[in-house]
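Spelled out, the chains give:
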Amino acid sequence: MALDATIDQHARDFVTREHRMLIGADWVPAASGQTFETLDPSTGDVLASVPRGSSEDIDRAVKTARAAFAPDSPWRRMSPADRGRVIHRIGDLILEHGDELATLETLDNGKPLAVAKAADVPLAADLFHYMSGWTNKHGGSTLQISVPYMPGAEWHAYTLHDPVGVVGQIIPWNFPLLMACWKLGPALACGCTVVLKPAEQTPLSALRLGEICLEAGVPPGVVNVVTGYGEETGAPLAAHPDVDKVAFTGSTEVGRLILQAAAGNLKKVSLELGGKSPNVVYADADLETAIPGAANAIFFNHGQCCAAGSRLFVEESIYDDVVSGVADHARSIQVGPGLDPATQMGPLVSQEQLDRVCGFLASGETEGAETVTGGKRHGDRGYFVEPTVLAGTNPQMKVEAEEIFGPVVTVRPFEKGGLPPDANATSYGLASGVWTKDLAKAHRTARALRAGTVWINCYNVFDAALPFGGYKESGWGREMGAEALELYTEVKSVVTLL
């Protein structure tokens, strides 16, 4: 692929090189010698060729990670403070190479370059900086115990938080760099070793991140990156008998398959899955904030966001104003290639995703939804879809019941009062939003919503210290925050008779 000469030189050089997988200290081809092509979603043209890994490559990587986890390995012997410095250095290097990484995200995923620079890269660096501080703080505790059947005995009892071991991490394509960092940061902070499998659609930033980890001082074998298709690399990684834990971000459907694969050795599992998040606008909301906020809740990252505010509930007295305002905002969005400075929303990630979203739009029309704006493909090259607002929907329609994962929002009115009756009427429970000037109402609504995150008078606010994850079929466990460390440790009780 001929790349525009104006893009970041380092990113251009990286895309056009011969790509290999990271196993230990070596950059290697797939054992089979096979490769596969990734595509530029703005054009559908070939972007790069990467190794097509298989179960043989996964096995090599797991064995390497297991050796790097041995008690006498450099990683296990490294002091917590030194491990923290290495992890912090990863964050520093992400910022140092920020323009390159942002460009790789734009080329691979399609998102606007300005968004990748402003959000994806800084949040990725912040995650490592935050987690670096936990390496010498996530300890156990001493306990005062009494054993009824040994009266008069004295005890010294305490707990340890041991690293869980070798971790398989499977990363999605919507935030390729950021999701890899969300997974890697806490795993490294706890002292685990990792086999990272990026999405086949967007592997480039994960490969570059592997280089950065080595440059930062992560010992060889602690971080391994294997590229390939889900069924050929992700499935054997989840099922591997020498993997102690698997962490997955992606669809709920694939999450169920991960659970089945992990059952063989009962490995630990954490899942960050789908969402169909309610966004509630009360009549007393500041509409100058709520209307663009509701639009951003769904159209950010082309709607390819598990937390997207895809079900908008608006109190009846302001319903027409909000629908009109969100639709006007949707019409004003500049859709185009991510490298174009004027672009506000890029393409969907693949032809498969384009077909999926367009299928939902067709079903909405068939089932009687009103298309206020959008509703079809944008242009005839690349994987673009118009920002879409659908009104007149109900919980039985596919567009309201199922996760679309595209720039499509359904809007429904609700009567004056408390929480909309259908706000929790979904199998998901990842995120939600509330817009009101009445803080008591806001907090009552937050308590009533069955979701892992509730944003009040804002949306899509993330920080490394904020735990993120879902209720119900939106997953198990939490990413980020102190809670993420629990996913990567085992608690050990130690008891001594004095």
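Residues numbered from 1 in each chain as written. Predicted model: local features only at pLDDT ≥ 70, side-chain atom pairs only at ≥ 80, totals over all residues. Heavy atoms only, no water.

Participant: When you look at a nonpolar patch on the surface in this model, what are you seeing that I'm missing?
Facilitator: Where nonpolar side chains cluster on the molecular surface, the patch consists of L143, I145 and V495 and spans about 230 Å² of accessible area. Note that L143 resides in strand β5 (residues 142–143). For L143, a relative accessible area of 37% corresponds to the partly exposed category. (Patch = residues over 30% accessible without salt bridge, like charges linked within 9 Å, V, L, I, M, F, W, Y side chains within 5 Å. Areas by Shrake-Rupley, 256 points an atom, 1.4 Å probe, with all protein chains shown as cover. Salt bridge = Lys/Arg side-chain N within 4 Å of Asp/Glu carboxyl O. Helix = DSSP H or I, 4+ residues; strand = E, 2+ residues; numbered from the N terminus. Buried < 20%, exposed > 50% of the residue type's maximum accessible area, 1.4 Å probe, protein only.)

Participant: Is there a simple way to explain empty space enclosed by the protein in this structure?
Facilitator: Regions of empty space are outlined by a rolling probe, equal in size to a water molecule, passed over the atoms. Applying the stated criterion to the full structure yields four cavities of 30 Å³ or more. By volume, the largest cavity amounts to about 70 Å³. Contributing to the lining of the largest cavity are 13 residues, with G275, A308, S310, E403 and F405 lying nearest its centre. Considered class by class, the residues forming the lining of the largest cavity number seven nonpolar, four polar and two charged. (1 Å grid on protein atoms, 1.4 Å probe; cavity = no way out; pocket = protein on both sides within 12 Å on 5 of 7 lines; lining within 4 Å. Points joined across faces, edges and corners; volume = space filled by probe spheres on them. Nonpolar A, V, L, I, M, F, W, Y, C, P; charged D, E, K, R; others polar.)

Participant: Can you walk me through the pattern of salt bridges in this structure?
Facilitator: Pairing between side chains of opposite charge can happen when their charged atoms approach one another. Considering all chains together, one arrives at 23 salt bridges under this definition. Note that K441 is salt-bridged to D284, the shortest N-O span being 3.5 Å. Here the residue K441 occupies a position in helix α15 (residues 439–448), and D284 occupies one in the loop between β12 (278–281) and α11 (287–299), the gap between them amounting to 157 residues. Looking at D284, the relative accessible area reads 26%, which means it is partly exposed. Among the ionic pairs, D422 bridges to R412, the shortest N-O distance being 2.9 Å. Of the two residues, D422 sits in the loop between β16 (408–414) and β17 (428–429) while R412 sits in strand β16, which places them 10 residues apart along the sequence. For D422, a relative accessible area of 23% puts it in the partly exposed group. One network of salt bridges, in which partners are shared, links R17, E100, R208 and E211.

Participant: What am I meant to see in the packing of helix α5 (residues 98–109) against helix α6 (residues 113–132) here?
Facilitator: When two helices pack together, their arrangement is captured by the angle between the axes and the distance separating the axes. As a packed pair, α5 and α6 sit with axes 9 Å apart at the nearest point and diverge in direction by 120 degrees. When the axis of α5 is compared with that of α6, the two are oblique. Considering only the axes of α5 and α6, their crossing is right-handed. Contact residues: G98, D99, L101, A102, T103, E105 and T106 in α5; L113, A116, K117, D120 and V121 in α6. By residue class, the composition of the contact of α5 with α6 is five nonpolar, three polar and four charged. (Axes fitted to C-alpha atoms, helices over the stretch in contact; angles between N-to-C directions. Parallel < 35°, antiparallel > 145°, perpendicular 65-115°, else oblique. Left-handed = near helix turned anticlockwise from the far one by under 90°. Contact = heavy atoms within 4.5 Å.)

Participant: Please explain the sheet that holds β5 as it appears in this structure.
Facilitator: Note: strands within a sheet are paired through backbone hydrogen bonds, in either parallel or antiparallel orientation. Spatially, the three strands line up as an open sheet ordered β5-β6-β22, and their pairing is antiparallel. Each having just a single partner strand, β5 and β22 (489–497) make up the two edges of the open sheet. Examined bridge by bridge, β5 and strand β6 (residues 155–163) share two bridges and lie antiparallel to one another. When the sheet's bridge partners are listed, L143 is paired in β6 with A157. (Pairing = 2+ DSSP bridges.)

Participant: Would you mind going over the environment of A440 with me for this structure?
Facilitator: As for its position among the elements, A440 is in helix α15. Here A440 falls in the partly exposed class, since its relative accessible area comes to 43%. Put simply, A440 and G418 are 22 residues apart on the chain and 11 Å apart in space, counted from C-alpha to C-alpha.

Participant: When you look at α5 in this model, what are you seeing that I'm missing?
Facilitator: Spacing of three or four residues puts side chains on the same side of an α-helix, whose turn is 3.6 residues. Look at α5: 16 Å from first C-alpha to last across 12 residues, which is about the 16 Å you get at 1.5 Å a residue. A large share of α5 lies buried, amounting to 11 of its 12 residues. Residues of α5 that are buried include every one of G98, E100, L101, A102, T103, L104, E105, T106, L107, D108 and N109, and no others. (Expected span 1.5 Å × (residues − 1).)

Participant: Help me understand helix α7 (residues 176–189), please; the structure alone is not making it clear to me.
Facilitator: Helix length check: α7 (14 residues) gives 20 Å between terminal C-alpha atoms against 20 Å at 1.5 Å per residue, within 8%. Burial within α7 is extensive, with 14 of its 14 residues counted as buried. Count one or two residues on from α7 and you reach G191, which has phi positive near 95 degrees.

Participant: Quick question: what am I supposed to make of the pairing of β16 here?
Facilitator: The side chains of a regular strand alternate, first on one face of the sheet and then on the other. Extensive coverage of β16 is indicated by the burial of six of its seven residues. As paired strands, strand β13 (residues 311–315) and β16 are joined by five bridges and run parallel to one another. Across the sheet, the residue bridging to E315 is F414, located in β16. By the bridge criterion, four bridges tie strand β15 (residues 388–391) to β16 in an arrangement that is parallel.

Participant: What should I look at first to understand the side chain of S132 in this one?
Facilitator: Secondary-structure assignment places S132 in helix α6. Classification of S132 by relative accessible area gives buried; the value is 10%. Separated by 2.6 Å, the side chain of S132 and the backbone oxygen of H129 make a polar contact. With residues up to four places along the chain from it excluded, the contact list for S132 reads G84, I87 and H88. (Polar contact = N/O pair within 3.5 Å; in protein donor to acceptor, adjacent residues only side chain to side chain.)

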